[in-house]
Amino acid sequence: MVEPSKWRTRGKRFGQPVLARLPQLTVAIVAGLLLCLSFPPFGWWYLAVVAFGSLAWVLTRQTTTIAGGFGYGFLFGAAFYLPLLPWISGLVGALPWVALSLVQALFPALFGALAVVVRRLPGWPLWFAGLWTAQEWLKSTAPFGGFPWGVVAFSQTEAPLLPLARIGGASLLTFAVVLAGFSFAALVFEVVQWWRRDDAQEAGPPAVVLPGVCIAAVLLATALVAPQVRQSGAGAEDHPPVTVAVVQGNVPRLGLDFNAQRRAVLDNHVRETMRLAADVRAGRAPQPMFVVWPENSSDIDPLGNPDANKLISGAAAAVDAPILVGAVVAAPDYSPDNPLSTNSVIVWNPDGGPADRHDKKIVQPFGEYLPWRSFFSHLSPYADRAGYFIPGDGDGVVKAAGVPVGVATCWEVIFDRAPRESVRNGAQLLAVPSNNATFDEAMSEQQLAFARLRAVEHDRYTLVAGTTGISAVVAPDGRELARTRFFEPAYLDTAVRLKTQLTVATRWGPVIKGLLVAVGVGGLVTAMLHNWSFARRRHRGDQERGAS
């Protein structure tokens, strides 16, 4: 049995280091919370700059070791992801939500450790920004295809820096935001250090040139591209206008039993489309060229079920326009024991039924399918709720009434490659059909932010259709031209413009991302070589002194 005195001794050994690092621990946690508050539904975008400036204070202290940087980065990441992702618990329970948040926190932890390695290099804000962009690329790639939720750029859809997405997509916007935060911190650190010097008058002004140049470059780039983005959003270019409609049919109730409500959900979307058709006939709404329904608006396979086929055909005939129907379709290898399916968007013509089709290419792990099913099914009772969806292999474009529409179904819009591929393949506007019936309004606000950024990035009007909301029509400058409320039946009938030009981000996005990641990797390699060279010189000096 351990004596009480030994417990007190051990407590002091643990408590004293914690108390000594309490300011850094507190700042790291507060910085993570500030970053979370920059995202919807709060949307206080400027707090992202404050968050990274605060994190810089922790990581640039001389007492912060590489292991300490890992720990502070982990605390920062946990404080960010835990309050950002609680909507996941409604689907799979609290334990997977916490587990996912803590796994994601490992990526900021890795950044924290590497930032300590490069902090002694001149211009550390630039290397820090490159390393952060690199860890975002890594977390968006692995494991299981990555989890881009929480990419800093998606917090900036209300920010003045948003036009930068037109040049370099989400990666450049993230880089600019974190570079601004780290550069502001560097300015403050230098000024404070200069002020505290006893010989401040003789020492000269603080070394603020490089941080100042970084901030000026971010602001100048934004100022150059912002007018073009505003003109595009105002419809100043000569592009043909068309009227399109988005239908939000709603579900009987939120929750995991959404699939049990499949017939009611289909009926709701048919009913709301019939209301749109009646308003068109009465002159209360313009005739749409086509209509977008959300993901899973028909969880009954309309290609194999005559009743669903009839209902959708009747709705398309009534509105006299093709409907992009989000449907669950049995795959060729479907069987009751192995119910493989595709999450599809089918163009349903009023006179010919099903035509063009997009099968979701990026399916969600642990939701739409379960990786390593035999393994994970033994770890959680929620594992069996994962679907059996398989990815498609199309080009991301369907034609509705002759219009090439780029489709990024729900989860796909988070990944840079999905909307980019569809626009490069000829899409003249984007559609984001989504199913948020198992989640909450905060999650829907965050997902709408993804679509707003894609609209700016690719200079395309974007139609967001949700089963429960939030549905919206987004202009190419990121403005919401129309939107629904959460959890209500509604339709949006709005004029948009078809666009064909490709932005710099659309053409060169992956190259720009690679260059930004290379900034971080290059700084890391330079720091390692510098440290290795310094260690060799010091070792040689010790040997020479020993020999003498």
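Please read all numbers here as calculations on a predicted model, not as lab measurements.

Definitions and cut-offs
Residues numbered from 1 in each chain as written. Predicted model: local features only at pLDDT ≥ 70, side-chain atom pairs only at ≥ 80, totals over all residues. Heavy atoms only, no water. Axes fitted to C-alpha atoms, helices over the stretch in contact; angles between N-to-C directions. Helix = DSSP H or I, 4+ residues; strand = E, 2+ residues; numbered from the N terminus. Parallel < 35°, antiparallel > 145°, perpendicular 65-115°, else oblique. Contact = heavy atoms within 4.5 Å. Nonpolar A, V, L, I, M, F, W, Y, C, P; charged D, E, K, R; others polar. Salt bridge = Lys/Arg side-chain N within 4 Å of Asp/Glu carboxyl O. Expected span 1.5 Å × (residues − 1). Buried < 20%, exposed > 50% of the residue type's maximum accessible area, 1.4 Å probe, protein only. Pairing = 2+ DSSP bridges. 1 Å grid on protein atoms, 1.4 Å probe; cavity = no way out; pocket = protein on both sides within 12 Å on 5 of 7 lines; lining within 4 Å. Points joined across faces, edges and corners; volume = space filled by probe spheres on them. Polar contact = N/O pair within 3.5 Å; in protein donor to acceptor, adjacent residues only side chain to side chain. Phe/Tyr/Trp six-rings, centres within 6.5 Å; stacked < 30°, edge-to-face > 60°. UniProt positions renumbered as here; feature names shortened; annotations may be inferred. Core = buried A, V, L, I, M, F, W, Y, C linked by side-chain atoms within 4.5 Å. Domains from an automatic or database assignment. Patch = residues over 30% accessible without salt bridge, like charges linked within 9 Å, V, L, I, M, F, W, Y side chains within 5 Å. Areas by Shrake-Rupley, 256 points an atom, 1.4 Å probe, with all protein chains shown as cover. Left-handed = near helix turned anticlockwise from the far one by under 90°.

Participant: When you look at the packing of helix α8 (residues 165-196) against helix α15 (residues 441-458) in this model, what are you seeing that I'm missing?
Facilitator: When two helices pack together, you describe them by how their axes are tilted relative to each other and by the distance separating the axes. Between α8 and α15, the shortest axis-to-axis distance is 8 Å and the interhelical angle comes to 140 degrees. Taken together, the axis directions place α8 and α15 in an arrangement best described as oblique. On the side of α8, the interface is formed by A165, R166, G169, A170 and L173, while α15 contributes L453, R454, V456 and E457. Taken together, the residues of the contact of α8 with α15 sort by class into five nonpolar, one polar and three charged.

Participant: Can you help me understand the pattern of salt bridges in this one?
Facilitator: Applying the stated criterion to the full structure yields 18 salt bridges. A salt bridge links D279 to R284; its shortest N-O distance comes to 2.7 Å. In the salt-bridge network here, residues are joined through shared partners; they are E158, E445, R452, E480 and R483.

Participant: Just checking my understanding: could you explain helix α2 (residues 22-37) for this structure?
Facilitator: Working note: α-helix, 3.6 residues per turn, so residues spaced by three or four point in the same direction. Taking 1.5 Å of rise per residue, the 16 residues of α2 would be expected to cover 22 Å, and the 23 Å separating its terminal C-alpha atoms lies within 8% of that figure. Listing the buried residues of α2 in full gives Q24, A28, A31, G32, L34, L35 and C36.

Participant: Can you walk me through the sheet that holds strand β6 (residues 397-400) in this structure?
Facilitator: Strands belonging to one sheet form pairs held by backbone hydrogen bonds; the direction of such a pair is parallel or antiparallel. Within the open sheet, the six strands sit side by side as β6-β7-β8-β9-β10-β11. Their pairing is mixed. Each end of this open sheet is capped by a strand with a single partner; those strands are β6 and β11 (480-483). Recorded for the sheet is a direction-independent mean angle of 25 degrees between the axes of neighbouring strands. The sheet strands contacting helix α14 (residues 417-424) are β6, β7 (403-407) and β8 (429-434), and the helix crosses β8 at an angle near 140 degrees.

Participant: Which parts of the structure should I look at to understand empty space enclosed by the protein?
Facilitator: A probe matching the size of a water molecule, rolled over the atoms, marks out where space remains unfilled. Here the structure, examined in full by the defined rule, presents one cavity of 30 Å³ or more. If you add up the space inside the largest cavity, you get close to 30 Å³. Lining the largest cavity, in full, are A408, V413, P419, L430, V432, A451, R454 and T462. Sorting the residues of the lining of the largest cavity by element identifies β8 and α15 as the ones contributing at least two each.

Participant: Would you explain the side chain of T60 in this entry?
Facilitator: Tracing the backbone through its elements, the reader meets T60 in the loop between α3 (47-59) and α4 (66-84). T60 gets classed as buried once you look at its relative accessible area, which sits at 19%. Within polar-contact distance, the side chain of T60 engages the backbone oxygen of A56 at 2.7 Å. Other than its neighbours up to four places away in sequence, T60 contacts R119, W124, F128 and F189.

Participant: Help me understand the pairing of β11 in this model?
Facilitator: Consecutive side chains of a regular strand alternate in pointing toward one face of the sheet and then the other. Taken together, the three bridges between strand β10 (residues 472-474) and β11 define a ladder with antiparallel strand orientation. When the bridges of β11 are listed, A472 appears paired with R483. Hairpin geometry of β10 and β11 is characterised by an intervening segment of five residues between the two adjacent antiparallel strands and by a positive phi of about 90 degrees at G478.

Participant: What is the right way to look at α3 in this model?
Facilitator: Compared with the 18 Å implied by 1.5 Å per residue over 13 residues, the 18 Å span of α3 between its first and last C-alpha is a close match. By the criterion of burial, α3 is predominantly enclosed, with ten of the 13 residues buried. Turning to α3, its buried residues number three or more, namely L47, A48, A51, F52, G53, S54, L55, A56, V58 and L59. Residues of α3 that are buried in the fold lie against α2, α4, α6 (94-118), α7 (124-139) and α8.

Participant: Looking at this model, I keep getting lost on the packing of aromatic side chains. Mind explaining?
Facilitator: One pair of aromatic rings is described through two measures. These are the centre distance and the angle between the planes. Counted under the stated rule, the structure contains 23 aromatic pairs. Residues F80 and Y81 carry aromatic rings whose centres are separated by 4.6 Å and whose planes lie at 50 degrees to one another, so their mutual orientation is tilted. As far as burial versus exposure is concerned, F80 and Y81 are alike and both buried. Between F111 and F182, the ring centres sit 6.1 Å apart and the planes meet at 20 degrees, which makes this aromatic pair stacked. With F111 in helix α6 and F182 in helix α8, the pair connects residues that are 71 residues apart, well separated along the chain. In this structure, F111 and F182 share a single accessibility class: buried. Each member of the aromatic cluster is reached from another via a ring pair, and the members are F52, F76, F111, W124, F128, W132, F182 and F189.

Participant: Whenever I open this one, the UniProt feature "transmembrane region" (unreviewed entry) in the chain confuses me. Can you help?
Facilitator: Mapped onto this structure's residue numbering, the UniProt feature "transmembrane region" (unreviewed entry) falls at residues 66-88, 94-118, 172-195 and 207-226. The distance separating the terminal C-alpha atoms of residues 66-88 is 32 Å; by composition the span is 83% helix and 0% strand. In residues 172-195, helix accounts for 100% and strand for 0%; the two terminal C-alpha atoms are 34 Å from one another.

Participant: What am I meant to see in the nonpolar core here?
Facilitator: It is characteristic of soluble globular proteins that their nonpolar side chains tend to be buried jointly. The biggest cluster of nonpolar side chains holds 80 residues, and the ones touching the most others in it are L35, L85, F111 and W149. The dominant element in this core, judged by the number of residues it contributes, is α8, at twelve residues. Both domains that furnish three or more residues to this core are identified here as domain 1 (17-195 + 207-234 + 509-535) and domain 2 (242-361 + 392-498).

Participant: Can you walk me through a nonpolar patch on the surface in this structure?
Facilitator: Taken together, the side chains of V504, W508, V511 and L515 present a nonpolar region at the surface, about 410 Å² in accessible area. Looking at where V511 falls in the secondary structure, it is placed in helix α16 (residues 504-547). What makes V511 partly exposed here is its relative accessible area of 47%.

Participant: It is not clear to me how the packing of α3 against α4 should be interpreted in this structure. Could you clarify?
Facilitator: It is the contact of α3 with α4, at a shortest axis distance of 10 Å, that shows an interaxial angle of 155 degrees. By the criterion of interaxial angle, the relationship of α3 to α4 is roughly antiparallel. In this structure, α3 crosses over α4, and the sense of that crossing is right-handed. Residue-level inspection shows A51, F52, L55, V58 and L59 of α3 in contact with α4, the latter providing G69, Y72 and F76. A breakdown of the residues in the contact of α3 with α4 according to their chemical character gives seven nonpolar, one polar and no charged.

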